[in-house]
Amino acid sequence: MDWWTLRLLKWISLGVLILGLAIVFASCERRRRLDALYRLALPGFTGAWSAGWLLLTESSRSPTSPWILASLLASFCALHIAFVVAHKTEFATASPALAWGLLGFTAACMVFREKESVWLAANTTAIGTFSLAMVARRKFRFESGKEERQMAMYFGLVAWLEGASLLFMLCVSMPLRIFFGIDIDGESAFVGWVHGVLTLIYWQSAFSTWKGLNLRFSTLPALLIAAFVPFGTLLGIRFLIPRQVGS
């Protein structure tokens, strides 16, 4: 892909992420919040950071630059808040304010990058977010309902994607590079990057599903460790998620 196509994909993905978060924070139905989280916010997050990684490799920028790490952490924290809100029946109204503030910080990092003005934008965003959070401290209650089956279904989808990315990296990408000298991602480490993003999303989904379904405590570490084992996530959704959820 050329540079402009990647830029367009990045900003479209960010738009999808923002739309998904807006629906998550605005909807009173947990089913709709879960749909927006998994069908809009997660694909938007994955697309934005996948395109962003390719842009980094094209521009020869270091992925460990402070503004890149800060924007990745801030956007993932905003996504974490969306996970929490989507799975719960009530949340503090400060949560959306914090999430939007984190996204504002992410946008500031992407626009200003290494410039000193990024810190001015970051401080302004932090102050504004803190002010909004202090104003909106009350609890917001959703209509409670039983969406356990939907939670398990969406977690299963994320687990399949994460497991498939691990298998592709171990069984296709790495053997081709090691034994045949073929880099299918053009030496950009794109496959590994996408797998890393999917692993973060899988961990967050595992934690939120564990909380939402009130599973045993021992289930959580098993689900988290499964991300490092070939077929681990697939076995996890088969044996660790109670069968009665799907009945």
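Residues numbered from 1 in each chain as written. Predicted model: local features only at pLDDT ≥ 70, side-chain atom pairs only at ≥ 80, totals over all residues. Heavy atoms only, no water.

1. Some words on the overall build of the chain
Summing up its helical and strand segments, the chain has 9 helices and 2 strands in all. Taking as baseline every contact in the chain between residues at least 6 positions apart, the subset at least 24 positions apart corresponds to 76%. (Helix = DSSP H or I, 4+ residues; strand = E, 2+ residues; numbered from the N terminus. Contact = heavy atoms within 4.5 Å.)

2. Topic: the environment of A164
Along the chain, the position of A164 falls in helix α6 (residues 148–180). Linking A164 and F231, residues 67 residues apart in sequence, is a C-alpha distance of 8.2 Å.

3. Looking at the packing of α6 against helix α7 (residues 190–212)
Close contact between α6 and α7 brings their axes to 9 Å; oriented N to C, the two are set at 155°. One element, α6, and the other, α7, form an angle in the roughly antiparallel class. The two elements α6 and α7 meet at a crossing, and its hand is left-handed. Here M151, F155, V158, A159, L161, E162, S165, L166, F168, M169 and S173 of α6 lie close against α7, whose contacting residues are V191, G192, H195, L198, T199, I201, Y202, S205, A206, T209 and G212. Residue composition of the contact of α6 with α7, by class: 13 nonpolar, 8 polar and 1 charged. (Axes fitted to C-alpha atoms, helices over the stretch in contact; angles between N-to-C directions. Parallel < 35°, antiparallel > 145°, perpendicular 65-115°, else oblique. Left-handed = near helix turned anticlockwise from the far one by under 90°. Nonpolar A, V, L, I, M, F, W, Y, C, P; charged D, E, K, R; others polar.)

4. Side note on the packing of aromatic side chains
This structure, assessed with the given rule, holds 9 aromatic pairs. Between the aromatic rings of F25 and W100, the centroid separation amounts to 5.8 Å while the plane-to-plane angle is 75°, which identifies the pairing as edge-to-face. Of this pair, F25 sits in helix α1 (residues 3–26) while W100 is found in helix α4 (residues 94–112), placing the two residues 75 residues apart along the sequence. Where W210 meets F217, the ring centres are 6.2 Å apart and the plane angle is 70°; that geometry is what we call edge-to-face. Take F217: its relative accessible area is 63%, and that puts it in the exposed class. (Phe/Tyr/Trp six-rings, centres within 6.5 Å; stacked < 30°, edge-to-face > 60°. Buried < 20%, exposed > 50% of the residue type's maximum accessible area, 1.4 Å probe, protein only.)

5. Here's the deal with helix α9 (residues 232–239)
If you check which residues of α9 are buried, you get G232, T233, L234 and G236. Buried residues along α9 sit against α6, α7 and α8 (219–225).

6. Thoughts on the side chain of K10
By the element assignment, K10 lies in helix α1. By relative accessible area, K10 is classed as buried at 8%. Apart from the residues lying within four places of it in its own chain, the contact partners of K10 are A48, A51, L55 and M110.

7. Thoughts on the nonpolar core
In this structure, L37, F45 and L79 are the most contacted members of the largest nonpolar core, which totals 52 residues. The set of elements that each furnish at least two residues to this core consists of α1, α2 (30–59), α3 (66–87), α4, α6, α7 and α8. Ranked by residues supplied to this core, first place goes to α3 with 12 residues. (Core = buried A, V, L, I, M, F, W, Y, C linked by side-chain atoms within 4.5 Å.)

8. A short note on the packing of α2 against α6
Angle between the axes and distance between the axes: these two values describe a pair of packed helices. At a minimum axis separation of 10 Å, α2 and α6 run at an interaxial angle of 10°. Accordingly, the angle class assigned to the pair α2 and α6 is roughly parallel. In contact with R30, R31, L34, D35, Y38, R39 and L42 of α2, α6 contributes Q150, M151, Y154 and V158. Here the residues of the contact of α2 with α6 are counted per class, giving 6 nonpolar, 1 polar and 4 charged.

Read these as spatial facts, not as claims about activity.
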